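Each chain, written out:
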Amino acid sequence: MRFLHYISLTVIAFVGVACHRGSDVSSDARAVPAPGYVAVEGGRFVVGGEAWYPKMLNYKCFFGGLGDSLEVVPAPWYTGGDIRSHFDTIASWGFNAVRLCLDGDWSDGDTAAMHRATRRAVMQADSAGLRVMLLVHPPLDAFWMAYTAGLMRRLADVPALWAYDLMNEPLYFDPKPRRDKRQANKIVQTWRTMVRQNAPHQLFTLALAEPIEVFEWDPSMLAVDFVEMHTYHPLRVQSEMWWYANHCGKPWMVGETGLPADGDSVPYEAQAEFMRQTYRYAMACGACGYGWWEFQDCPDGVNFEARYTGLRDSAGRAKPAATLLRLVSAANSTDPRMPVNYYNMLAYGNVAVTGMVTDRGGRPIEGAVIRGWNEDWSVGINTYSRPDGTFRLVSNDVCTHFEIAAPGYDEAKFDRRLSYPSDMSLPDKEREYQQIPLLGWGDSISILPCVDDGRYAATGAIEADMGGVALKKL
């Protein structure tokens with residue numbers, strides 16, 4: 001979850017090596033996976049030739065103690081036992097994997113002791129029947145590259161360690177404010193080399209947030225084994241899953257999602273229904289795994305989402321959603337449909353910018369991400385180009401700042417003032433997704449928006465034409 005990871009990252013420089021396109025990165029894949037390790041085959045995870053579908057729970061942890069007593073310990077708000085008992089609980093709920101979100105800046109610590117402690121934590125998860133995705137500090141400088149390479153060597157013989165997550169949500173946590181796609185690709189190619197040299201039987205990924213990651217950390221071009229995407233809020237999850245499913249160009253899974261529920265303003269039953277529907281939709285869209293944020297509520301979280309997304313309340317009592325994945329199936333989810341709000345996610349209705357995205361040869365580009373901001377940058381709005389390259393960006397306030405990029409193409413970033421009537425009305429002009437209720441956008445049996453009642457079409461929006469935007473193939 002973006003407001004909890006890597007609070008104290010330091011701005012650093014990085015020099016990469018030769019860049020490889022995402023479509024060219026399979027040449028170093030393992031021809032025959034090692035016994036017991038997870039591999040990717042045909043867009044799915046497999047173990048020993050058998051399909052494996054991770055049902056993953058995110059688990060926050062830190063280093064505690066000193067020297068030989070150093071251990072990986074639960075987040076301080078996780079109550080009712082130690083890390084091993086928590087792993088047993090997670091397995092009893094029907095999860096088969098955990099994402100250990102090992103937080104903090106430990107550059108002044110005992111590296112060898114931290115490696116040993118991390119190995120013990122992974123082995124504890126394994127003994128509880130859980131495979132591990134390990135989120136580590138992003139190896140963006142010499143110290144963290146050496147630390148991570150050493151950790152990989154220390155854990156290379158542990159099949160339970162299924163994958164490394166080497167950076168959480170670069171959209172929010174990349175210490176460099178702006179990064180060219182080519183530089184991001186060079187970094188990830190360097191990481192791929194490090195993984196192959198030090199952990200040849202384990203996979204690696206990056207945790208990507210909204211589709212606007214394509215502006216810098218383009219998932220279609222990154223040399224990862226699979227994409228792990230994060231998505232929240234009922235109005236967003238289907239639209240963002242649909243985009244990743246159709247445009248990331250790689251096997252992908254949901255690494256984080258969740259609906260906060262306090263049992264009052266948001267009932268626990270709504271959280272369980274959200275899990276049921278998003279799990280089925282992810283399966284229908286071809287996701288190769290599903291992950292939930294997080295193990296237990298964080299009472300001191302920075303907002304409602306941070307405080308109440310856990311599967312246990314702050315006193316350690318399990319919520320109804322905790323055991324749902326043990327029972328829920330993907331029945332009736334084999335024919336996914338495009339979300340009713342895909343092109344107008346938040347049902348804006350005042351004004352619209354129309355245009356077309358093509359390559360330099362004039363050929364239309366589908367799946368380009370079009371981002372607009374109002375004059376003071378307080379509200380940002382997204383849409384996507386259609387199969388014919390056209391787009392219609394609907395907003396409640398006039399947009400003057402724009403950024404457009406597509407998978408495998410460069411970006412265009414510019415300001416433009418389009419012509420609208422001077423006397424037009426702009427009701428609800430400051431609305432963005434954090435201001436929209438979590439419930440009430442589906443029908444009587446759905447948490448997710450599923451009723452095409454015309455509100456997303458915004459047929460009354462006042463339009464202005466941007467014209468064509470041509471992007472260069474990378």
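Residues numbered from 1 in each chain as written. Predicted model: local features only at pLDDT ≥ 70, side-chain atom pairs only at ≥ 80, totals over all residues. Heavy atoms only, no water.

Asks: Can you tell me about the sheet that holds strand β2 (residues 44-47), naming the residues and giving the values?
Replies: Across the sheet, three strands lie side by side as β1-β2-β3; this open sheet has antiparallel pairing. The open sheet is flanked by β1 (38-41) and β3 (50-51), the only strands paired with a single partner. Sheet topology places β1 next to β2; four bridges connect them, and they run antiparallel. Paired with V40 across the two strands is F45, which belongs to β2. (Pairing = 2+ DSSP bridges. Helix = DSSP H or I, 4+ residues; strand = E, 2+ residues; numbered from the N terminus.)

Asks: Give a description of the sheet that holds strand β18 (residues 411-415) that names residues and reports values.
Replies: Working definition: the strands of a sheet are paired by backbone hydrogen bonds and lie parallel or antiparallel to each other. Taking strand neighbours across the sheet as the criterion, the four strands line up as β15-β14-β17-β18 in an open arrangement whose pairing is antiparallel. The open sheet has two edge strands, β15 (380-384) and β18, and neither has a second partner. This sheet shows a mean twist of 15 degrees between the axes of neighbouring strands, independent of strand direction. (Axes fitted to C-alpha atoms, helices over the stretch in contact; angles between N-to-C directions.)

Asks: Got a sec to walk through the pattern of salt bridges? Specific residues and values, please.
Replies: The full count for this structure, using the stated rule, is 27 salt bridges. Where D68 meets R116, a salt bridge forms, and the shortest distance between an N and an O atom there is 3.7 Å. Of the two residues, D68 sits in the loop between β4 (55-64) and β5 (71-74) while R116 sits in helix α2 (residues 111-127), which places them 48 residues apart along the sequence. On the basis of relative accessible area, R116 is assigned to the partly exposed category, the value being 30%. Of the charged contacts in the structure, one is a salt bridge between R84 and D88, with a shortest N-O distance of 3.0 Å. Taken together, the positions of R84 and D88, both in helix α1 (residues 83-92) and four residues apart, correspond to about one turn of that helix. The network of salt bridges with common partners includes R99, D165, E228 and E256. (Salt bridge = Lys/Arg side-chain N within 4 Å of Asp/Glu carboxyl O. Buried < 20%, exposed > 50% of the residue type's maximum accessible area, 1.4 Å probe, protein only.)

Asks: Describe the nonpolar core, with residues and values.
Replies: Counting 101 residues, the largest nonpolar core has F87, Y164, W191, L206 and W252 as its most contacted members. Here W191 is in contact with P139, L140, M145, L166, M167, F204 and L206, once residues within four sequence places are set aside. Counting residues in each nonpolar core, the second largest holds 38 residues, with L235, A347, I381 and Y456 among its members. (Core = buried A, V, L, I, M, F, W, Y, C linked by side-chain atoms within 4.5 Å. Contact = heavy atoms within 4.5 Å.)

Asks: How would you sum up the packing of α1 against α2? Please name residues and give values.
Replies: Closest axis-to-axis distance for the α1/α2 pair is 9 Å, and the angle between their directions is 35 degrees. In the crossing of α1 with α2, the sense of the turn from one axis to the other is right-handed. Residues I83, R84 and F87 of α1 form the contact with α2, whose own contacting residues are A121, Q124, A125 and S127. (Left-handed = near helix turned anticlockwise from the far one by under 90°.)

Asks: Outline the packing of aromatic side chains, listing residues and values.
Replies: For the structure on display, the rule yields 24 aromatic pairs. Both rings, one in Y59 and one in Y78, keep their centres 4.9 Å apart while their planes meet at 55 degrees; by these two values the pair is tilted. On the criterion of sequence distance, the pair formed by Y59 in strand β4 and Y78 in the loop between β5 and α1 is long-range, its members being 19 residues apart. With relative accessibility at 0%, the residue Y59 sits in the buried group. Feature note: the residues Y59, W77, Y78, F87, W93 and F295 constitute an aromatic cluster, connected by ring pairs. Above the face of the W52 ring, R131 is positioned so that its terminal group lies 5.7 Å from the ring centre. The ring centre of Y343 lies 3.8 Å from the NZ or CZ of R386, which sits over that ring. (Phe/Tyr/Trp six-rings, centres within 6.5 Å; stacked < 30°, edge-to-face > 60°. Lys NZ or Arg CZ within 6 Å of the ring centre and 35° of its normal.)

Asks: I'd love a proper account of the pairing of strand β8 (residues 161-168), names of residues and values included.
Replies: Most of β8 is tucked away, with eight of its eight residues classed as buried. Summarising the sheet, strand β7 (residues 131-135) and β8 pair through four bridges and their orientation is parallel. Within β8, the residue paired with L135 across the bridge is D165. Where β8 and strand β9 (residues 203-208) come together, four bridges link them in parallel fashion. Looking at the pairing, D165 lines up with T205 of β9.

Asks: Quick rundown of the confidence of the model for the chain? Include the residues and the values.
Replies: As a general rule, the predicted coordinates of low-pLDDT regions are not to be interpreted in detail. For the chain, per-residue confidence averages 91 on the pLDDT scale, and 92% of positions sit at 70 or higher. In the predicted structure, residues 2-27 sits below a pLDDT of 50 and forms 67 contacts with residues beyond four places in sequence or in another chain. (pLDDT = per-residue confidence, 0-100.)

Asks: Account for unusual backbone geometry, naming residues and giving values.
Replies: In the segment running from W293 into E294, the intervening peptide bond is cis, with an omega of -5 degrees. In this structure, A347 is a non-glycine residue whose phi angle is positive, near 60 degrees. One non-glycine residue, D428, lies in positive phi territory at about 55 degrees. By secondary structure assignment, the location of D428 is in the loop between β18 and β19 (462-471). According to the relative accessible area criterion, D428 is partly exposed, its value standing at 46%.

Asks: Describe the pairing of strand β16 (residues 390-395), naming the residues involved and giving the relevant values.
Replies: Each regular strand carries side chains that alternate between the two faces of the sheet. Summarising burial for β16: five of the six residues are buried, a large majority. Bridge analysis of strand β13 (residues 351-359) against β16 gives six bridges, and the strand direction is antiparallel. Residue V351 lies in a different strand from β16, and its bridge partner there is S395.

Asks: Can you explain the environment of K413? Please cite residues and give values.
Replies: Along the chain, K413 turns up in strand β18. A sequence separation of 198 residues divides K413 from F215, and the C-alpha atoms of the two residues are 9.7 Å apart. Leave out the neighbours within four places in its chain, and K413 touches R178, F402 and E403.

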